[in-house]
Structure formats: structure tokens, C-alpha cells
Amino acid sequence: MANPTLSGRLAGLAHPTLVARGASDEVLDFDYDRAYAQSIPGAEFRPLQGTGQLPQSQTPEQLLPVVRDFAEPHAVDPAAVMGLSADGGRG
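Residues numbered from 1 in each chain as written. Predicted model: local features only at pLDDT ≥ 70, side-chain atom pairs only at ≥ 80, totals over all residues. Heavy atoms only, no water.

Visitor: Give a description of the overall build of the protein that names residues and reports values.
Guide: Along the protein, the regular secondary structure elements total five helices and two strands. The secondary structure elements of the protein, listed N-terminal to C-terminal, are α-β-α-β-α-α-α. The proportion of buried residues among the 91 residues of the protein is 22%. Long-range contacts, defined as pairs at least 24 residues apart, comprise 58% of the intrachain contacts of the protein with a sequence gap of at least 6. A total accessible area of about 6,200 Å² is found for the protein, and carbon and sulfur atoms account for 55% of it. (Helix = DSSP H or I, 4+ residues; strand = E, 2+ residues; numbered from the N terminus. Buried < 20%, exposed > 50% of the residue type's maximum accessible area, 1.4 Å probe, protein only. Contact = heavy atoms within 4.5 Å. Areas by Shrake-Rupley, 256 points an atom, 1.4 Å probe, with all protein chains shown as cover.)

Visitor: Report on helix α2 (residues 30-39), specifying residues and quantitative values.
Guide: Buried within α2 are the following residues: D33, A37 and S39. When α2 is viewed along its axis, its buried side chains cluster within an angular range of 160 degrees and face the same direction. Two or three places before D31, at the start of α2, stands the capping residue D29, its side-chain oxygen 2.8 Å from that residue's backbone nitrogen. (Arc of directions from axis to C-beta. Polar contact = N/O pair within 3.5 Å; in protein donor to acceptor, adjacent residues only side chain to side chain.)

Visitor: How would you summarise the environment of A43 if you had to cite specific residues and measurements?
Guide: Positionally, A43 belongs in the loop between α2 and β2 (44-48). Taking the C-alpha atoms as reference points, A43 and V19, 24 residues apart in sequence, are found 7.2 Å from one another. Those residues in contact with A43 that lie beyond four places of it in its chain are T17 and A37.

Given below as C-alpha cells:
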């Protein structure tokens, strides 16, 4: 990792984390992102084959299912988070 303090700070993350990156990225070192993901407890590292630095622009059809599959099991009901009852009132 280029930043020697980053690994320790990433280790403190307590939220579901997806690190998705283009496997053909010629700008950023692939091993950095893998190391970042390994530093985050429970993070998933998903290299995207056939895309580069901007998968959201280059291959969104490949990135979106990865994000959706990751996000689905972590989704929460916004009403429950806000303390609302089923009828929309404060419960």
C-alpha cells in the first residue's frame, strides 16, 4: 500500500464493503485494491475481467450485477431504520 497508515484505518471499518475493480486497469496497481480489501474485515474483492479503470462507464452491464448481488443481502428496510411503523407513522 502506498499509504502506510491506510491499512490500520481500513481495519476499523464495520460496514459491508465491496471492492470492485477492473482487472485490465493499466493505471492503478491491481495489488493495491486487493490489499485494501484484505485490510477491511469481511470485505469482498471482485475483479471485473475485460474492463479497466472505469467499469461504471466501460462495462456497467458487468458491474451492476456485482453491486446488486453484494447489496441485496445487506439491504435494510428504510422505514425500520427511521423507526416508522408499517402505516408510515412513528412506531
